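Here's the letter readout for the chains.
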Amino acid sequence: MESRNNQTNRFIKWLVILGDFLLLNVMLAAFAVWHPGMAEWSGTWMRLFVIFCNVALIIGQGRYHTIIHERLPSGGESLRRVVYMVIMWVIVVYLLFKATDYRISLARLLLQQGMVLFVVLLFARLTERTAIKWYRQRGGNTRYITFVGSDPELVSLYNQLVNDPTTGYEALGYYGDTTFTADIERMGSMDDFLAKIDTPEELTLGDELYLCVSHRERDTVMRISRMCDRQMVRFFYVPVSSEAIELNLKGEMINDMQVFTTYENPLQNPLNKILKRFTDIVVASLGLLLSAFLFPLVWFKIKTQSPGPLLFRQQRTGLDGKTFTMLKFRSMHVNAQSDTLQATEEDPRKFPFGNFMRRTNLDEVPQFWNVLRGDMSIVGPRPHMLHHTKVYSKLIDKYMVRHFVKPGMTGWAQVTGYRGETRQLWQMEGRVRRDIWYMEHWSIWLDLRIIWMTIRKLFERDTQAY
C-alpha cells in the first residue's frame, strides 16, 4: 500500500505536468493572436498545429518530466530537464508537420515559440518549487525519519535533511550510543534497537530509516534492512565517516584488457574540458564586468580601516598539486600568521569592513581573474593553504585526489554545509568526500546547480561565513 506522502508527491507531479500543458496552450493562443505568420493560417491548420504541439509535449514529458516534487531535487537536473524537453518539443513538432506537408516553413516560428516556452516553464518551475516549499514548511507533505547509529556522518545527514523545513522531513529520534544532537530525541541505545528488531511495533520507525554502522557489520545491516522491508519503511545505508572516504574501483578498458582505477573524472574528456573552460570564461568575464564598480569603493574602505595593499595574495594548492597565487580583497590586517592560521569567528586580525566582506563573500571577487588566467574554475574544490595541504595530506588518505581538477571559487562542499573553519578532522574529511564526489559526478548541470545554490546563499545568513 502506497503511503499518503508518496501519493501527495505523485499528485504534485501530475499537477505540475497539467500546468505545463495549460501554459503551452495559453502560449499557443497568444501566438495565434499576435504572431503575423499564424494569423494567415486556416482553422484546419491551426487545429492540427495545436494537436501536434500537445502530442510533442506528451512525448517530452514522458522522457523529461518534472522532478520538483522530490524532497531534495537537483536544481541543475530540473534545468536540464526543461532544456531537453523544450528541444524535444521543437524537434517533434517540426517533424510531425514536415511529415504532413514538407513544403510548410516552421523553423523560425518554432524557435521563437521554443524560447518563449523555455522562459515560461523555467519561471513556472521556480514558482512551483517555492509553493511546494511553502506548503511543506507549514507541515504539509511531511515525511518522518529515524536515525540509527552513532557516527558523525549522521549529524551531517540530519543537518541536510531536517534543518531545512522546506524539504518536508521531520526526525522522530535516533538510536545510538553517543550524543547525536540536542535537537533530536534519543530513543535508546544501539543494543536497544537491535533487541527489538523482531518486535518492530516497539520501535519508532516513521517513513524512512537511515542506518550508519560499519560495512563489516553485514549481518546487522541485513537484519535491519529486512525488518524495514516488512514494515514498509524505506531503508538507507550511510557509510561511517572512517570508511566513506574510500573510493570504489571502477573498470576501464585498455584495448582488450580491463583495468581498475580508484576514481572517475569526467573532466578528463576533452569535450567536457572545453565546455567547462568556456563556461568559466563567460561567467568570470561577466562577474568582473558587473563588479568593476566595486573596486574603487572597496579600495577606499580598506585604506580607511587598515594600512596595506588592496589585494591579498596567497600561495594555494591547485591543479595536479601545483602552487598558484590566489587573489582576494584583503580582509585582515597585515600579519605573520596569514599563511598558517585559519580565520576564526572572533579573529582579532579582521577589521570591520573586512569582516563584512568575508560574511558576504565580497572578498572572493578578485578570483574571477584567477579563473580567467586558468588557475581556477568557477566551480571546484576550494584551494587550501600550502600549510593545510602539507598537514591534511598526511592525515586523510585520499586528500590529494581532490587536486585532479582545478580548484574553484565555490564548490559542492561549500554549498552543502562544509564551509568555514575546520576545527576537527572529520570536518575536513567531509569536505574531501564531497570534493571527490563532485569530481566523479561532474556535469555542466551540476556546475549550474552549485552556482545557483551559491547565489542563493548570498542572501541567507551563514553562521559559518567568517
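This text follows the structure it describes.
These notes cover the structure that comes with them. Only a predicted model underlies this, so the values are computations on that prediction, with no experimental measurement involved. (Residues numbered from 1 in each chain as written. Predicted model: local features only at pLDDT ≥ 70, side-chain atom pairs only at ≥ 80, totals over all residues. Heavy atoms only, no water.)

**Remarks on the overall build of the protein chain**
Part 1 of the reasoning: Tallying secondary structure elements over the protein chain gives 16 helices and 11 strands in all.
Part 2 of the reasoning: Classification of the 466 residues of the protein chain by burial places 48% in the buried group.
Part 3 of the reasoning: Taking the intrachain contacts of the protein chain between residues at least 6 apart in sequence as the baseline, contacts between residues at least 24 apart amount to 72%.
Part 4 of the reasoning: Carbon and sulfur atoms form 60% of the exposed surface of the protein chain, whose accessible area is close to 24,600 Å². (Helix = DSSP H or I, 4+ residues; strand = E, 2+ residues; numbered from the N terminus. Buried < 20%, exposed > 50% of the residue type's maximum accessible area, 1.4 Å probe, protein only. Contact = heavy atoms within 4.5 Å. Areas by Shrake-Rupley, 256 points an atom, 1.4 Å probe, with all protein chains shown as cover.)

**So, helix α13 (residues 386–395)**
Part 1 of the reasoning: Within α13, burial applies to His388, Thr389 and Tyr392. Seen along its axis, α13 keeps its buried residues to an arc of 100 degrees; they face one direction. Away from its buried face by more than 90 degrees, α13 exposes Lys390 and Lys394.
Part 2 of the reasoning: In this fold, the buried residues of α13 make contact with β8 (311–317) and α15 (425–440). (Arc of directions from axis to C-beta.)

**Focus: the side chain of His384**
Part 1 of the reasoning: In this fold, His384 is placed in the loop between β10 (377–379) and α13.
Part 2 of the reasoning: Within the structure, the side chain of His384 is placed 2.6 Å from the side chain of Tyr399, a separation counted as a polar contact.
Part 3 of the reasoning: His384 has contacts with Arg316, Thr317, Thr389, Tyr399, Arg402, Met428 and Arg431, leaving out every residue within four places of it along the chain. (Polar contact = N/O pair within 3.5 Å; in protein donor to acceptor, adjacent residues only side chain to side chain.)

**Side note on unusual backbone geometry**
Part 1 of the reasoning: For Met232, which is not glycine, the phi dihedral falls at a positive 55 degrees.
Part 2 of the reasoning: By the secondary structure assignment, Met232 is in the loop between α7 (218–230) and β5 (234–237).
Part 3 of the reasoning: Located in the positive-phi region is Asn361, a residue other than glycine, with phi close to 65 degrees.
Part 4 of the reasoning: Along the polypeptide, Asn361 turns up in the loop between α11 (352–360) and α12 (367–373).

**What about the pattern of salt bridges?**
Part 1 of the reasoning: All told, the structure shown has 10 salt bridges when counted by the stated rule.
Part 2 of the reasoning: Arg373 serves as the salt-bridge partner of Asp375, at 3.0 Å between the closest nitrogen and oxygen.
Part 3 of the reasoning: Classification of Arg373 as partly exposed rests on a relative accessible area of 42%.
Part 4 of the reasoning: What you see here is one network of salt bridges that share partners, running through Lys328, Asp363, Glu364 and Arg382. (Salt bridge = Lys/Arg side-chain N within 4 Å of Asp/Glu carboxyl O.)

**Details of empty space enclosed by the protein**
Part 1 of the reasoning: Scanning all chains against the criterion turns up one cavity of 30 Å³ or more.
Part 2 of the reasoning: Forming the boundary of the largest cavity are Tyr64, His65, Thr66, Ile67, Ile68, Ser78, Arg81, Val82, Met85 and Arg125.
Part 3 of the reasoning: Considering every element that reaches the lining of the largest cavity, the biggest residue donor is helix α3 (residues 75–100), with four residues.
Part 4 of the reasoning: Here the residues of the lining of the largest cavity are counted per class, giving five nonpolar, three polar and two charged. (1 Å grid on protein atoms, 1.4 Å probe; cavity = no way out; pocket = protein on both sides within 12 Å on 5 of 7 lines; lining within 4 Å. Points joined across faces, edges and corners; volume = space filled by probe spheres on them. Nonpolar A, V, L, I, M, F, W, Y, C, P; charged D, E, K, R; others polar.)

**Some details on the environment of Asn159**
Part 1 of the reasoning: With respect to the secondary-structure elements, Asn159 resides in helix α5 (residues 152–161).
Part 2 of the reasoning: A sequence separation of 257 residues divides Asn159 from Thr416, and the C-alpha atoms of the two residues are 9.5 Å apart.

**Notes on the packing of α5 against α15**
Part 1 of the reasoning: For the pair α5 and α15, interaxial distance at closest approach is 11 Å and the crossing angle is 65 degrees. The element α5 and its partner α15 pack so that their crossing is right-handed. Each of Pro152, Glu153, Ser156 and Gln160 in α5 lies in contact with α15, whose residues at this interface are Trp426, Arg433 and Arg434.
Part 2 of the reasoning: Its residues assigned to classes, the contact of α5 with α15 shows two nonpolar, two polar and three charged. (Axes fitted to C-alpha atoms, helices over the stretch in contact; angles between N-to-C directions. Left-handed = near helix turned anticlockwise from the far one by under 90°.)

**Looking at the packing of helix α10 (residues 294–305) against α11**
Part 1 of the reasoning: Where α10 contacts α11, the axes come no closer than 8 Å and their chain directions differ by 140 degrees. Of the possible angle classes, the one that applies to α10 and α11 is oblique. Contacts between α10 and α11 involve Val298, Lys301, Ile302 and Gln305 from the first element and Pro352, Phe353 and Met357 from the second.
Part 2 of the reasoning: Partitioning the contact of α10 with α11 into residue classes produces five nonpolar, one polar and one charged. (Parallel < 35°, antiparallel > 145°, perpendicular 65-115°, else oblique.)

**So, the pairing of strand β4 (residues 208–212)**
The side chains of a regular strand alternate, residue by residue, between the two faces of the sheet.
Part 1 of the reasoning: Of all five residues in β4, five are buried, a share of seventy percent or more.
Part 2 of the reasoning: Because side chains alternate across β4, one face comprises the buried residues Glu208, Tyr210 and Cys212, and the other comprises Leu209 and Leu211, equally buried.
Part 3 of the reasoning: Taken together, the five bridges between strand β1 (residues 143–149) and β4 define a ladder with parallel strand orientation. Bridge assignment links Gly149 to a residue of β4, and that residue is Cys212.
Part 4 of the reasoning: Relative to β5, β4 is paired through four bridges, and the arrangement is parallel. Paired with Leu209 across the two strands is Phe235, which belongs to β5.
Part 5 of the reasoning: With respect to chirality, the unit in which β4 leads through α7 into the neighbouring parallel β5 is right-handed. (Pairing = 2+ DSSP bridges. Right-handed = clockwise from strand over helix to strand, strands pointing away.)

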